[in-house]
Amino acid sequence: MASVTFENVTKRYGNVVAVNNLSLDIADKEFLVFVGPSGCGKSTSLRMLAGLEEISDGQIRIGDRIVNDIAPKDRDIAMVFQSYALYPHMSVYDNLAFSLRLRAKTGRARKLFTAVFNRPAYKRIRDEEADIDNRVKKAAQTLGIEMLLPRKPKALSGGQRQRVAVGRAIVREPKVFLFDEPLSNLDAKLRVQTRAEITKLHQQLGTTFIYVTHDQVEAMTMGTRIAVMKDGLLKQVDSPQTLYDTPANMFVAGFIGSPSMNFFEVTAKGTADNITVEGDGLQLAVPSERAKGLRSYIGSQVMMGMRPEDIHDANFVPPNIHVGHFDAQVDVTELMGNEVYLHLLTGKNAYVARVDPRSKARVGSTVQLAANLDKVHFFDKKTELAIR
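Everything numeric in this text was worked out from a predicted model, so none of it was measured. (Residues numbered from 1 in each chain as written. Predicted model: local features only at pLDDT ≥ 70, side-chain atom pairs only at ≥ 80, totals over all residues. Heavy atoms only, no water.)

Engineer: In this structure, what is going on with helix α6 (residues 188-205)? I would like to understand it.
Structural biologist: Residues lying three or four places apart along an α-helix face the same way, a consequence of the helix completing one turn every 3.6 residues. The first and last C-alpha atoms of α6 sit 26 Å apart over 18 residues, in line with the 26 Å expected at 1.5 Å per residue. Of the residues making up α6, those classed as buried are Leu 190, Thr 194, Arg 195, Ile 198, Thr 199, Leu 201 and His 202. The first or second residue beyond α6 is Gly 206, which carries a positive phi of 60°. (Helix = DSSP H or I, 4+ residues; strand = E, 2+ residues; numbered from the N terminus. Expected span 1.5 Å × (residues − 1). Buried < 20%, exposed > 50% of the residue type's maximum accessible area, 1.4 Å probe, protein only.)

Listed below in structure tokens is the structure:
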């Protein structure tokens, strides 16, 4: 097992900076997820760690060893790709065993040659083959694909192919597992099932997992820590709950959570002990715990963030919270069964609320809302950094 360290790592493609001065420590046995929109540098970071991309500046360590100039095959990592990358002419068993046979040099021609001319070497190869067989069957049992071992990839479903791709990584028993958007080709139901299996696999193997995805739901449900990237920069790295509760900037606040956080342009008014924020159709008294950082912004415009689940139909408000009331016009409703998504308009502000399914709000009607002000967020309008 091993930790992974990025030290001021930069990757340039000509004048384009794909990854900009990335510094990150990933602990041994951790499950870290890189997440961000397309083109943010997350896959490039993973490929540099794997040795598939050269590093322009900086260093990458696996354990105590700098791996900048070490060949991918010698880094003791295993990578699972989005495309599965299975050999179509081989059975599942042979796909799982291939890398081990290649490393141990137990090919068919070599076995035939040593059987005739070098009996001690032939015995070693037979021992290696027995170990390979044991590792392949153990991985297949872990993933529940024992019955698939004789099949070819074309006879497998997408989820089964994904399990084989993961199994091919497991048999190598690497120090670090790398996953590059492995679930993006699966349907929604199978994606939920497979991500639970990968999380369980991490618990069983006790190995360092580094996972890349653009899906923040995957990141929140799988990672022990999440590294959020944008335009090649690391914007914040922390536990899923910390990213959700205390985002460091507007990008992280808007990216983490589904539906994403709503933002309103407001002006802070009042005194240090009694701050209100006013915007188009909004006037809310800020609780003292949330108003501390706003004292230096009185008279200035700031950005206010409210998550959809913190905006309630005024008829169905949870107990023991500080609320602020305002009216909204219902533009669109999405009935989800256990909740309703309301697409709303207040003045020029368009936003989304997740409300109780008993809500009577209908398209075209005006509804009174109650915002949970204990969970409101504020951001500097210029820097987009959180105001604490």
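There's plenty left to go through after this.
Engineer: Help me understand the pattern of salt bridges in this model?
Structural biologist: Pairs can form between side chains of opposite charge whenever their charged atoms are close. A full pass over the atoms with the stated rule returns 18 salt bridges. Ionic pairing is found between Asp 57 and Arg 12, a salt bridge with its closest N-O pair at 2.8 Å. In this pair, Asp 57 is assigned in strand β4 (residues 57-62) and Arg 12 in strand β1 (residues 4-13), connecting sequence segments 45 residues apart. Overall, Asp 57 belongs to the partly exposed group, its relative accessible area being 34%. Between Asp 74 and Lys 73 there is a salt bridge, with its nearest N and O atoms 3.4 Å apart. With a relative accessible area of 39%, Asp 74 lands in the partly exposed category. Taken together, the shared-partner salt bridges connect Lys 11, Arg 47 and Glu 53 into one network. (Salt bridge = Lys/Arg side-chain N within 4 Å of Asp/Glu carboxyl O.)

Engineer: It is not clear to me how the sheet that holds β1 should be interpreted in this structure. Could you clarify?
Structural biologist: The strands making up a sheet are joined through hydrogen bonds of the backbone, oriented either antiparallel or parallel. As summarised here, the arrangement of the four strands in space is β2-β1-β4-β5, forming an open sheet in which the pairing is antiparallel. The open sheet has two edge strands with one neighbour each: β2 (16-26) and β5 (65-66). Sheet topology places β1 next to β4; five bridges connect them, and they run antiparallel. The partner of Thr 5 across the bridge, within β4, is Arg 61. Helix α1 (residues 42-50) contacts β1, β2 and β4 of the sheet and is inclined by roughly 115° relative to β1. (Pairing = 2+ DSSP bridges. Contact = heavy atoms within 4.5 Å. Axes fitted to C-alpha atoms, helices over the stretch in contact; angles between N-to-C directions.)

Engineer: What exactly am I supposed to notice about the packing of aromatic side chains here?
Structural biologist: Aromatic rings in a pair are described by how distant their centres are and how their planes are angled relative to each other. Counted according to the given criterion, the structure contains twelve aromatic pairs. Judged by centre distance (6.2 Å) and plane angle (85°), the ring pair of Phe 6 and Phe 34 falls under edge-to-face. Note that Phe 6 is positioned in strand β1 and Phe 34 in strand β3 (residues 31-35), a separation of 28 residues in sequence. Pair check on accessibility: Phe 6 and Phe 34 agree, each one buried. An aromatic cluster is defined as three or more aromatic residues linked by ring pairs; in this entry it consists of Phe 31, Phe 177, Phe 179, Phe 209 and Tyr 211. Residue placement shows Lys 11 over the ring face of Tyr 13; its charged tip is 4.9 Å from the ring centre. For Arg 307, the ring lying beneath its charged end belongs to Tyr 244, and the centroid distance is 4.1 Å. (Phe/Tyr/Trp six-rings, centres within 6.5 Å; stacked < 30°, edge-to-face > 60°. Lys NZ or Arg CZ within 6 Å of the ring centre and 35° of its normal.)

Engineer: Which parts of the structure should I look at to understand the sheet that holds strand β11 (residues 262-271)?
Structural biologist: As summarised here, the arrangement of the five strands in space is β13-β12-β11-β14-β20, forming an open sheet in which the pairing is antiparallel. The two strands at the open ends of the sheet, each matched to only one other strand, are β13 (282-285) and β20 (377-380). Ignoring strand direction, the axes of neighbouring strands in this sheet form an average angle of 35°. With four bridges connecting them, strand β12 (residues 274-279) and β13 associate as antiparallel partners. Counted as the bridge partner of Glu 278 is Gln 283 from β13.

All we've got here are geometric facts, nothing functional implied.
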